[in-house]
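# Structural characterization, general
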Amino acid sequence: MPTSPASVTELLERCALIAGLTLGQLAAQLQVPVPADLRREKGWTGQLLEMALGATAGSQAVQDFPELAVELKTLPIDQYGKPLESTYVCVAPLTGATGQQWQESWVCRKLSRVLWLPVLAERHIAPAERIIGQGFLWQPSPDEAALLQQDWEELMELIAFGRLDQIKGAHGKVLQLRPKAADSKALTAAIGPDGRPVQSLPRGFYLKSQFTAAILQQQFALAHR
DNA sequence: ACGTGATCATCC
DNA sequence: GGATGATCACGT
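The following paragraphs examine the structure supplied in this document. A quick note: this is a predicted structure, and the numbers were derived from the prediction, not measured.

## Observations regarding the environment of Y80
Looking at the element boundaries, Y80 is found in the loop between β1 (71–77) and β2 (87–91). Residue classification places Y80 among the exposed positions, given a relative accessible area of 64%. In sequence terms Y80 and G46 are 34 residues apart; their C-alpha atoms lie 21 Å from each other.

## Some points on the protein's contact with DNA strand B
Around DNA strand B, 29 residues are found, and the nearest of them are T74, K110, K180, T188 and Y206. Between DNA strand B and the protein, one listed contact pairs a base nitrogen with a backbone N or O atom of G43 at 3.5 Å. Interatomic distance of 3.0 Å between a side-chain N/O atom of E85 and a base nitrogen of DNA strand B. When contributions to the surface near DNA strand B are tallied by element, the ones reaching two or more residues are α3 (44–53), β1, β2 and α4 (106–110). In terms of residues, the surface near DNA strand B owes the most to one element, β1, which gives four residues.

## Topic: the side chain of R130
Checked against the element boundaries, R130 lands in the loop between β3 (114–120) and β4 (131–132). Notably, R130 is buried but unbridged: the nearest opposite-charge side chain belongs to D37, and the N-O separation is 8.5 Å. Residues contacting R130, with those up to four places away along its chain left out, are L21, T22, L23, L38, V119, L120, A121, E122, R123 and I125.

## Some points on the protein's contact with DNA strand C
If you check the shell around DNA strand C, you find 19 residues, and the closest are R40, K42, G169, R178 and S184. In DNA strand C, atoms within 4 Å of the protein come 59% from sugar and phosphate. For DNA strand C, a base oxygen lies 3.5 Å from a polar atom in the backbone of A181. In this structure, S209 approaches DNA strand C through a side-chain N or O atom, which is 3.2 Å from a phosphate oxygen. Of all the secondary-structure elements, those providing two or more residues to the surface near DNA strand C are β6 (175–179) and α6 (209–223). If one sorts the elements of the surface near DNA strand C by residue count, β6 sits on top with three residues.

## Section: the pairing of strand β9 (residues 203–207)
Working note: regular strand, side chains alternate between the two faces of the sheet. With five of its five residues buried, β9 lies for the most part within the structure. Here β9 shows no split at all, with R203, F205 and L207 on one side and G204 and Y206 on the other all buried. Bridge count for β2 against β9 is four bridges, and the pairing is antiparallel. In the sheet register, T87 faces β9, and the bridge partner there is L207. By the bridge criterion, five bridges tie β6 to β9 in an arrangement that is antiparallel. Residue L175 lies in a different strand from β9, and its bridge partner there is L207.

## A short note on unusual backbone geometry
One non-glycine residue, Q31, lies in positive phi territory at about 55°. Within the secondary structure, Q31 sits in the loop between α2 (23–30) and α3. Classification of Q31 by relative accessible area gives exposed; the value is 74%. At A69, a position not held by glycine, the phi torsion is positive, near 55°. Along the polypeptide, A69 turns up in the loop between α3 and β1.

## Regarding the sheet that holds β9
Here we have three strands laid out as an open sheet, ordered β2-β9-β6, and antiparallel in their pairing. What marks the edges here is a single partner per strand, and that holds for β2 and β6. This sheet shows a mean twist of 35° between the axes of neighbouring strands, independent of strand direction.

## Here we look at the packing of aromatic side chains
Across all of its chains, the model carries four aromatic pairs by this definition. An angle of 85° between the planes, with centres 6.2 Å apart, marks the rings of W138 and F211 as edge-to-face. Highlighted residues: W138 in strand β5 (residues 136–138) and F211 in helix α6, separated in sequence by 73 residues. The same class applies to W138 as to F211, namely buried. Taken together, W116, W138 and F211 form an aromatic cluster joined through their ring pairs. A cation sits over an aromatic face here: R178 above Y206, 4.1 Å from the ring centre.

About the criteria used
Residues numbered from 1 in each chain as written. Chains lettered and ligands numbered in written order. Predicted model: local features only at pLDDT ≥ 70, side-chain atom pairs only at ≥ 80, totals over all residues. Heavy atoms only, no water. Helix = DSSP H or I, 4+ residues; strand = E, 2+ residues; numbered from the N terminus. Buried < 20%, exposed > 50% of the residue type's maximum accessible area, 1.4 Å probe, protein only. Near = heavy atom within 4 Å. Polar contact = N/O pair within 3.5 Å; in protein donor to acceptor, adjacent residues only side chain to side chain. Lys, Arg positive; Asp, Glu negative; His and termini not counted. Salt bridge = Lys/Arg side-chain N within 4 Å of Asp/Glu carboxyl O. Contact = heavy atoms within 4.5 Å. Pairing = 2+ DSSP bridges. Axes fitted to C-alpha atoms, helices over the stretch in contact; angles between N-to-C directions. Phe/Tyr/Trp six-rings, centres within 6.5 Å; stacked < 30°, edge-to-face > 60°. Lys NZ or Arg CZ within 6 Å of the ring centre and 35° of its normal.

Dropping the structure here:
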């Protein structure tokens, strides 16, 4: 069981070591069973790679590598390097976050330094055969940060004014709000249209795949110039 | 129930 | 084919 990396350099070295391996090969090294599909283990890939890299946070609400201030995100991609899914960031505070500033938000902090780890994960490829790509460290550019902040402020304002029901996944340019729950019947406290407390479906912030696609494109260009 | 890891399944 | 809403497992 890998220990937690002492530095960002060491973390990136570990990424280089596993790049090119299949998930099956890595799972064998770590003595982890591989599911035939991910229908009942949707987080399996992320948890396997957390283990391989020595992440310690588990299900705690902190970054994956707290000492390094690095958040790990696996990114399922197709053969052309395009993301297959949006990227979950964190749960959305539906109460008690009115007046919060962007810089102190959970979204901002989690996205301040991300280790992206692409995995070739087209659906026709069995989990064991999926190939680990080259991980890389990313920090939002000023432009990217501005886009994220704008979307976050817009969504948080709607939440604070009790307009949660009007928020669809289509809201936001790069950041979206979508259900994040066991099922559509899950309930959590939120603010109603009249400002009074109501119960509603828990939501999470997600990065739209077009945004992560741009990050990958930029990284690809950097790596090949 | 909440937050972690996300992908599934269906609709357009 | 891509995006949106729904869902699965686990630890706390």
